[in-house]
Amino acid sequence: MLHLVLISIAYLVILQLPGILMLRGLHVGLGKSLCAAPILTLSLIAILGELYAVAGIYCTPMMLLAPIYVVALVFFLVRRGYQSDEEDGSGKLPIPCIALFFVVGVGVGWWVFLRSIQIPSATMGQTDAIHHYNAIRSILDTGRYTSIKVNAYATFAGTASAFYPSLWHECCALSVSLFDIDVATSANLVNFMFAFEVFPLAMLLLLSEVFRNNKKILPFAACAILAFQSYPWGMLYWGPIWPNLAGFATMPIGAWLFMKAVEAFRSGKQPLLFALAFLLSCASLFLLHSNALFTCVYFLVPWCVHEIWSGGTRGIGSQEISRQGKHLRRSGSEGHGIGRAAASVLFILFVILILVALYNLPLLKGIVTFYWGLEVDPATELVNILTLDYVGDFYPTTMQLILAVFVAAGYILALRNRDLRWTAVSYTIAVMVCFGDAVLPAPWKNYFAGFWYTDPFRVASMASIFAMPLVAYALASLFGCLRKKLFHQDKMSQPSMASKACALLFIMAFIALNHVSSFMLPAIGEVDTPFGKYRETCRRLYDLENQSLTASERVFIDKAKETVGDSVVLSYPGNGTAAAYGLDGINTLYREAGGATYDETNENDTLAYDQMVIASGADEVATDATVRAAMQDVGAKYVLILPMSDADYEYERFSPESTYAGLLAVNEETPGYRLVMEEGGMKLLEITAVEE
């Protein structure tokens, strides 16, 4: 596992360097550049990959990265002669604070997640995971780093394709090429990097702006970033929705860039360049997953209203700014209060109109109209929200009662603080989305949570992220009281070395207690903890014995691959071979569960038609010319037969046997086939009835 951690850090550095150069060209401090850099590099990778795809050029890692590095270096060299505004200011991020967040992220991620999945190449058997594995392999085989025309069948001609955010898959494909690792390892590597390296630094960056005048709060935010079971932890196994995991990990950077762009327009210092940087970040958010962009909007709207109302005097802990804010509020009540209120209302109406327009956009129709069947009574969902068990019985999670106390305390403290009240409003909006998603029927459920597929886990993740500033504020306030009692220091005095050491111990103790495993008590029995239950679920889902393709089946597939080469192989996806293309690189025809349906209205989707004909009539290839023609069209040469197992239930329910009746009837006795390999019920047949 150490090897995977080291590679993930190396990959992060590769993604950081161009972004650092660009942000340093904008005179952003080195610390903040380190935290914000990945999103700009990812946006350039996405844009350049689309350009290569449109031009029909096979894309290699060098073709992707070299131009980005050159552009970033040139921008830095052109801009380096300008005076930096942050070098001597108070806007720097302390390196020890950056190190704390990074060490906490990597350490807790290794301790909880990597130790649960056991090996770097651990796989998941869910259908969504198989789609992700196959999409990564498809990018590698076609050299097309694109989200516009992407699917698992891109290696075949005559396939229908549509838009799907694929920047996460592109990151995985790039890591396979750069580090010579397999597809499964690349998925775990990229997930670890986004969840436990990118996200902690991104949250540090955002919170440095939220608490811009009280940096003493920032170290305590290290307790909050990985404290919630919904995010990032839940997204590592639910679905799995790994692209969403990456989108949410970079969302704080996009929010920070927006804040910096607003500040730049106010000060007149490089406003267009910061606006361009923010727009560039939006490309990453949208192409990692579109609802990351909507999450960013929901977080920022209360901040924008606060900025309009306060006239830009934000921050806490600064007497000067506090005095300015009071003066503006007094003057506003005398002459400008109505104007600010009107401007705030108009801004909110403008945002609502934009969201309504986007909700009705054809491109997003498949997202916003998607319906999850969760419906619970309001009282139950209210308890779920208050105890941070946002998804309730939708998936096995556990109430986080201690953390819930800190969320509630931070919420109350934020409401009492004029400059942080907007963070409480952001969290209120998030839990309202959770509540509406859980208790309302369609279409009201979609109006509330349609931008997140009405998925309880996605909206729970949003609520968790929005609650993190509240937890940080509450913990910092608690330690402030302890510091005053223990060291007789008020909040305005500089902390002593003993106080700093005590703060570090406080942070480490909270993290350890929050992530403690389930344990046994003699008089009570086993006590389930949130992260004890998480470890149990993670081990089960990543268990080598719980996969649709067992270890022995994958060994047989590797042997079969030596025989079949690049030839197309027929197989019933319900027995787990839907994963064989993505994980093992064998050129199967059926790469999705249920992948033998044909829409007669889409005449261009000739591959789906051939798949349907073969699935229903493969056993009659010797006598049916239509079946032979379909096999010739797709280039089918072999049939792979694997036995069914209990772990194949999910594929089987999406791949009904009636649809694949012909293919399932094929064996070595069927006319037109010849046995090539057999081992323990696993067979490879050659199709002899199809002419070369």
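In the block above lies the structure referred to throughout.
Okay, so let's go over this structure. (Residues numbered from 1 in each chain as written. Predicted model: local features only at pLDDT ≥ 70, side-chain atom pairs only at ≥ 80, totals over all residues. Heavy atoms only, no water.)

## Examining the overall build of the protein
Along the protein, the regular secondary structure elements total 27 helices and 6 strands. Every one of the 692 residues in the protein was classed for burial, and the buried ones make up 56%. In the protein, of all internal contacts separated by at least 6 residues, the share reaching a separation of at least 24 is 74%. By element, 63% of the accessible surface of the protein is carried by carbon and sulfur atoms, the whole surface being about 28,300 Å². (Helix = DSSP H or I, 4+ residues; strand = E, 2+ residues; numbered from the N terminus. Buried < 20%, exposed > 50% of the residue type's maximum accessible area, 1.4 Å probe, protein only. Contact = heavy atoms within 4.5 Å. Areas by Shrake-Rupley, 256 points an atom, 1.4 Å probe, with all protein chains shown as cover.)

## A few points about the packing of aromatic side chains
Applying the stated criterion to the full structure yields 36 aromatic pairs. Taken together, a centroid distance of 5.2 Å and an interplanar angle of 55° make the contact between F299 and F466 tilted. You can see F299 sitting in helix 12 (residues 290-310) and its partner F466 sitting in helix 19 (residues 456-487), a full 167 residues away along the chain. Both residues of the pair, F299 and F466, count as buried. Seen in terms of ring centroids, F370 and Y453 are 5.8 Å apart; in terms of plane orientation they differ by 80°. Their pairing is edge-to-face. Highlighted residues: F370 in the loop between helix 14 (365-368) and helix 15 (378-386) and Y453 in the loop between helix 18 (444-449) and helix 19, separated in sequence by 83 residues. (Phe/Tyr/Trp six-rings, centres within 6.5 Å; stacked < 30°, edge-to-face > 60°.)

## Some remarks on the packing of helix 4 (residues 95-117) against helix 7 (residues 183-210)
Two quantities define a packed helix pair, namely the angle between the axes and the distance from one axis to the other. Between helix 4 and helix 7, the least distance of the axes is 9 Å, while the angle of their chain directions is 150°. The pairing of helix 4 with helix 7 is recorded here as roughly antiparallel in orientation. In terms of crossing hand, the pair formed by helix 4 and helix 7 is right-handed. Every residue of helix 7 that contacts helix 4 at C97, I98, F101, F102, G105, V106, G109, W110, F113, L114 and I117 is listed here: N188, F192, F196, E197, P200, L201 and L204. Residues of the contact of helix 4 with helix 7, tallied by class, amount to 14 nonpolar, 3 polar and 1 charged. (Axes fitted to C-alpha atoms, helices over the stretch in contact; angles between N-to-C directions. Parallel < 35°, antiparallel > 145°, perpendicular 65-115°, else oblique. Left-handed = near helix turned anticlockwise from the far one by under 90°. Nonpolar A, V, L, I, M, F, W, Y, C, P; charged D, E, K, R; others polar.)

## Some words on the packing of helix 1 (residues 2-25) against helix 6 (residues 167-179)
Following both chains from N to C, one finds helix 1 and helix 6 inclined at 110°, their axes separated by 12 Å at the closest point. The angle between the axes of helix 1 and helix 6 places the two elements in the roughly perpendicular class. Of the residues in helix 6, those touching helix 1 at I7, A10, Y11 and I14 are C171, L174, S175, L178 and F179. Considered class by class, the residues forming the contact of helix 1 with helix 6 number 8 nonpolar, 1 polar and no charged.

## Some thoughts on the side chain of S8
One can find S8 in helix 1. With relative accessibility at 0%, the residue S8 sits in the buried group. There is a polar contact of 2.6 Å between the side chain of S8 and the backbone oxygen of V5. S8 has contacts with L189, F192, M193 and E197, leaving out every residue within four places of it along the chain. (Polar contact = N/O pair within 3.5 Å; in protein donor to acceptor, adjacent residues only side chain to side chain.)

## Things to note about the sheet that holds strand 3 (residues 568-570)
If you walk across this open sheet you meet the 4 strands as 3-4-6-5, and the pairing is mixed. The open sheet has two edge strands, strand 3 and strand 5 (673-679), and neither has a second partner. Strand-to-strand twist of the sheet, defined as the mean angle between neighbouring strand axes without regard to direction, takes the value 25°. Summarising the sheet, strand 5 and strand 6 (residues 682-687) pair through 6 bridges and their orientation is antiparallel. Each residue of the ladder has a partner; that of Y673, found in strand 6, is I687. (Pairing = 2+ DSSP bridges.)

## Notes on the pairing of strand 6
In terms of burial, strand 6 is a largely internal element, 5 of the 6 residues being buried. Across 4 bridges, the pairing between strand 4 (residues 636-641) and strand 6 is antiparallel. What sits directly across from V639, in strand 6, is L685. Counting the residues between successive antiparallel strands, the hairpin from strand 5 to strand 6 contains 2 residues, one of them, G680, with a positive phi of roughly 55°.

## Looking at the nonpolar core
One finds F113, W168, F194, F228, W233, Y390 and Y427 to be the most contacted residues of the largest nonpolar core, which totals 199 residues. If you tally residues by element for this core, the top one is helix 7, at 20 residues. By size, the runner-up hydrophobic cluster in this structure holds 27 residues, among which are L589, V627, Y660 and L663. (Core = buried A, V, L, I, M, F, W, Y, C linked by side-chain atoms within 4.5 Å.)

## Topic: helix 6
Between its first and last C-alpha atoms helix 6 spans 18 Å; for 13 residues at 1.5 Å apiece the expected length is 18 Å, and the two agree. Burial within helix 6 is extensive, with 10 of its 13 residues counted as buried. All of the buried residues in helix 6 are L167, W168, H169, E170, C171, C172, A173, L174, S175 and V176. Positive backbone phi, at 55°, marks D180, one or two positions downstream of helix 6. (Expected span 1.5 Å × (residues − 1).)

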